[in-house]
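Residue-level listing of the chains:
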Amino acid sequence: MDVLTLSRIQFAATISFHYIYPPLSIGLGVALVIMEALWLKTGNPIYHQMARFWTKVFALTFAIGVATGIVMEFEFGTNWATYSRFVGDVFGSALAAEGIFAFFLESGFLAVLLFGWDKVSRKMHFFSTCMVCLGAHFSAIWIVVANSWMQTPAGYHIVETANGPRAEITDFWAMVFNPSSMDRLFHTLCGCWQAGAFLVVSVSAWYLLKHKHVEFAKRSMRVGLGVGLVAALLSLVSGHDSAIGVAKNQPAKLAAFEGLYETTTNAPLVLFGWVDEKNERVVGPEIPGLLSYLTHGDASKSVTGLNEFQPEDRPPVQRVFQLYHLMVGIGFAMIGLAVFGTYFCWRGVLFERRWMLWLLVLSVLGPQIANQAGWFAAEMGRQPWIVYGLMRTSEGLSAVVTANAVLGSLVLFTFIYLLLFAVFVYLLNDKIQHGPDEADLTPTGRLAEAMGGHRA
Amino acid sequence: MNYGELDLNTVWFLLIGVLFTGYAMLDGFDLGVGALHLFTKKDEERRIMLNAIGPVWDGNEVWLVTGGGALFAAFPNVYATVFSGFYFAFVLLLVALIFRAVAIEFRSKQPMRWWRQMWDVGFAGGSILSSFLIGVAMGNIAWGVPLDEKGEYAGTFWTLLGPYPILLGVTTVSLFMMHGAIYAVMKTEGELQQKLRGWINHTIIFFIICYATMTMATLIYVPHMAARLRENPWLFSIALVNMLAIANIPREVSRQRDGRAFISSCVAMIAMMTLFGLEMYPNLVLSNPEAAHSLTIHNAASSQKTLGIMLTIALIGVPIVLAYTVSIYWIFRGKVKLDKMSY
């Protein structure tokens, strides 16, 4: 294989593996803030027990997120040096801001969140939890802004230098608020919240099925379902807004998402199907006019098809189409699960419906698969460009790195990540089997002092 | 914000120096504790060592992440050339850092002997290898690496393993070991502390031997890294501060003033980084043999506009970061006590 293919495989492998963890941290962070807020408000020690248990799970996901995140930061330079020279001026300020505003905040207050239970007051601990959660969200902001700039570059001009042309910033805020950044940020966060929320839901459902830690599980379930429902519904809104943006700014990508070859008015929406790339058509059930309607709010308007683009400027249609439809399908399934789960919960029958609980146990996989599929669709849909319309992926490689070097590092990373994943699953399972700590129902140290009257 | 006549390239040279010095002072001690980890034999002692750095190592590593990010942003050509040119060295560094991070997290999660032994080796090995590779990288940019006219690296992986970079790698390991030993003494008590106190002297001797060899090698074989010092003899005062700070460490340790010993060690690091920066300026990566191809703060930099935006970000962000970093160290001051949340 050539350097390009190997470098793309390595980037895809390392980023997909990394992306299992930050969404969990972001989603669990929100759940932790809610649990601790409930504890502060009610003084009920069960919320303390919940916060302690989910903090342990959070710590696990966070540690792997940090470790695999450094790889990403280095990889721009090691494998995509020409790209780094090209975008450094624009991309750099976002990355530097991420380091200063997000990573320091997150990792600093994480110390208090994990180890400060008995060292600081309840309010200070709650504040630290909020800061960790905020830091996790900040890191999503900057990296999604940078990635969105690669989709819809704005606020820059091209300057010739001794090392070739590069993009230089002309307007910082135009770069930050480039046409796709806010839609994509919102949509990404919705996916992250679901990842964390449905992990809570899944583990709680498992405890309920096994009749273990029942009170703990019921309350955790309510928090998880609440966050999950809101996030799943918002996903629909943000996803729709995102797609309208893609249609406007990256028409080739939208055409690949939807498998649309001919530019046409009254464009149909294909529900699912198979792209016949040779004959340039899609086989599957479709709703006439719906794509035009969703894109323009008017079925009689036209949507751009892939035929407007030279074959070398088109993304890989089949894969992008399938991944996009997988994401959308799971998105609707998550809404269904969350709505029914919440309804049953509200009616007070959820904890007896074992089939529903089993579905909720499996629900943890939904956001994970959808998050991965969505990102793959977004990034493959941008191909053949690394920076849309400005630089091709094949032009962004490191000039001095050979195929053998990349093969070597790819083998090394694959081995280590498989090991990491095995250890992660093993330890997560261990924590779940162990369950919440009964002793956490009676807080100690400074927490106990602060609790005062609540303890009796 | 408009910074007028301010030389932003030099400001960013300084700021990146500050970030990497901060990294050395902070992550330096936890890498050092890692390097010493296998010398403690009892499980409880190893847990205390781990928990001495437990709440802070993650934040310390962020200095490297931010340093890397700032380099990418301020001097993208340096970032691109060094990271792609030193490809395999950086892959090894990543592997070492990952292993280390995961080892800290996972070691105490299971009681089995083989489990803990495995992660102990991962933690110590990862710490030593990371420190060594960071030193080797610094040695290479000081010695000079072959760069072509476009500023691309023109050597191989083996080019990087010259004697001088390796010497700097070993010196970095010894420096971090000394720094880590002092920090560990500050965080421990009783028998373990007595043992660690004894080790400080060994680590100081190890460091001084490495440091003296490195200084001699620099004066004899790397004259360009001592040129500014020769031209401006008053700069020797920085070297003097460095030596006094190092000499002060055993003195403070023997008087049980461990905090002061730690500060001395930090001062020594600041002095060394200052000397390094002074000799490098305005170069960021020296080219050897073609000195004209060196990457400097001018030919490798981002635009003035970006440097200005980033300075604004740094001026807002850094004071906040420093404020809560200090608060967090304050919250976790004092001796390590193992409890159920410990590693």
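Just so you know, these numbers come straight off a predicted model, no measurement behind them.

Calculation rules
- Residues numbered from 1 in each chain as written.
- Chains lettered and ligands numbered in written order.
- Predicted model: local features only at pLDDT ≥ 70, side-chain atom pairs only at ≥ 80, totals over all residues.
- Helix = DSSP H or I, 4+ residues; strand = E, 2+ residues; numbered from the N terminus.
- Rg over C-alpha atoms; globule rule 2.2 N^0.38 Å.
- Buried ≥ 20, exposed ≤ 12 C-beta atoms within 10 Å, placed from the backbone.
- Contact = placed C-beta atoms within 7 Å.
- Core = buried A, V, L, I, M, F, W, Y, C linked by C-beta atoms within 7 Å.
- Pairing = 2+ DSSP bridges.
- pLDDT = per-residue confidence, 0-100.
- Expected span 1.5 Å × (residues − 1).
- Bend = angle between axes of the 7 residues up to and from the residue.
- Axes fitted to C-alpha atoms, helices over the stretch in contact; angles between N-to-C directions.
- Parallel < 35°, antiparallel > 145°, perpendicular 65-115°, else oblique.
- Nonpolar A, V, L, I, M, F, W, Y, C, P; charged D, E, K, R; others polar.

Of regular secondary structure, chain B possesses twelve helices and two strands. The helix and strand sequence of chain B, counted from the amino end, reads α-α-α-α-α-α-α-α-α-α-α-β-β-α. Its C-alpha radius of gyration of 20 Å places chain B within 12% of the 20 Å reference for a compact globule of 343 residues. Here the C-alpha coordinates of chain B stretch approximately 55 × 40 × 40 Å along the principal axes. Expressed as a percentage of the 343 residues in chain B, the buried residues total 55%. Across chain B, contacts joining residues at least 24 apart in sequence account for 78% of those joining residues at least 6 apart.

Moving on, we get to the overall build of chain A. Counting its regular elements, chain A contains 15 helices and ten strands. A compact globule built from 456 residues should have a C-alpha radius of gyration of about 23 Å, and chain A, at 24 Å, falls within 12% of that. For chain A, the spread of C-alpha atoms along the principal axes amounts to about 75 × 50 × 40 Å. Among the 456 residues that make up chain A, the fraction classed as buried is 53%. Restricting the contact set of chain A to residue pairs at least 6 apart, pairs at least 24 apart contribute 76%.

In this section: the nonpolar core. Core analysis: the biggest nonpolar cluster contains 264 residues, and Ala31(A), Met35(A), Trp54(A) and Ala74(B) have the highest contact counts within it. The greatest single-element share of this core, amounting to 23 residues, is contributed by helix α4 (residues 81–115) of chain A. Contact partners of Ala74(B), with chain neighbours within four places excluded, come to Gly92(A), Trp12(B), Ile16(B), Ala301(B), Ser302(B), Leu307(B) and Met310(B).

Our next topic: the pairing of strand β2 (residues 164–169) of chain A. Residues and elements named next belong to chain A. Relative to β2, strand β1 (residues 156–161) runs antiparallel, the two sharing six bridges. Note on β2: the bridge partner recorded for His157 is Glu168. Between β1 and the antiparallel strand that follows it, β2, lie two residues.

Before going further, it helps to spend a moment on the environment of Leu360(A). Residues and elements named next belong to chain A. Position of Leu360 among the secondary structure elements: in helix α12 (residues 354–362). Look at Leu360 and you get buried, because 29 C-beta atoms sit within 10 Å. C-alpha separation for the pair Leu360 and Ala333, spaced 27 residues apart in sequence, amounts to 11 Å. In contact with Leu360, other than residues within four places in its own chain, are Val201, Ser202, Ala205, Leu337 and Gly341.

Residue and element names in this part refer to chain A. Per-residue confidence for chain A gives a mean pLDDT of 87, with 97% of residues at or over 70. Summarising per-element confidence for chain A, the mean pLDDT is lowest in helix α15 (residues 445–451) (53) and highest in helix α7 (residues 181–209) (93). Throughout residues 452–456 the model reports pLDDT below 50, and contacts reaching past four residues in sequence, or to other chains, amount to two contacts.

Residue and element names in this part refer to chain B. Helix length check: helix α1 (residues 8–36) (29 residues) gives 41 Å between terminal C-alpha atoms against 42 Å at 1.5 Å per residue, within 8%. The axis of α1 is deflected most strongly, by about 35°, at Asp27. Of all 29 residues in α1, 22 are buried, a share of seventy percent or more.

At a minimum axis separation of 9 Å, helix α3 (residues 45–79) of chain A and helix α5 (residues 87–106) of chain B run at an interaxial angle of 170°. Relative to α5(B), the element α3(A) lies roughly antiparallel. Residues Ala63(A), Val66(A), Ala67(A), Ile70(A), Val71(A), Phe74(A) and Thr78(A) of α3(A) form the contact with α5(B), whose own contacting residues are Tyr87(B), Phe90(B), Leu94(B), Leu97(B), Ile98(B), Ala101(B), Val102(B) and Glu105(B). In terms of residue class, the contact of α3(A) with α5(B) is built from 13 nonpolar, one polar and one charged.

Each partner contributes to the interface: chain A provides 54 residues, whereas chain B provides 56 residues. Breaking the side of chain A that touches chain B down by element, the ones donating at least two residues are α3, α4, β2 and α14 (403–434) of chain A. Looking at the side of chain A that touches chain B, the element that brings in the most residues is α4(A), giving 23 residues.

Moving on: the confidence of the model for chain B. When the pLDDT values of chain B are averaged, the result is 86; 99% of them are 70 or greater. Both scores are available for the predicted complex, with the pTM at 0.87 and the ipTM at 0.82.

At the junction of Tyr281(B) and Pro282(B), the peptide bond is cis and its omega measures out at 0° in the coordinates. Within the secondary structure layout, Pro282(B) lies in the loop between α11 (258–280) and β1 (283–285). The linkage connecting Asn288(B) with the following residue, Pro289(B), adopts the cis geometry, with an omega of 10°. Take Pro289(B): it is sitting in the loop between β1 and β2 (295–296). Backbone geometry at His213(A) places phi at a positive 45°, although glycine is not the residue there.

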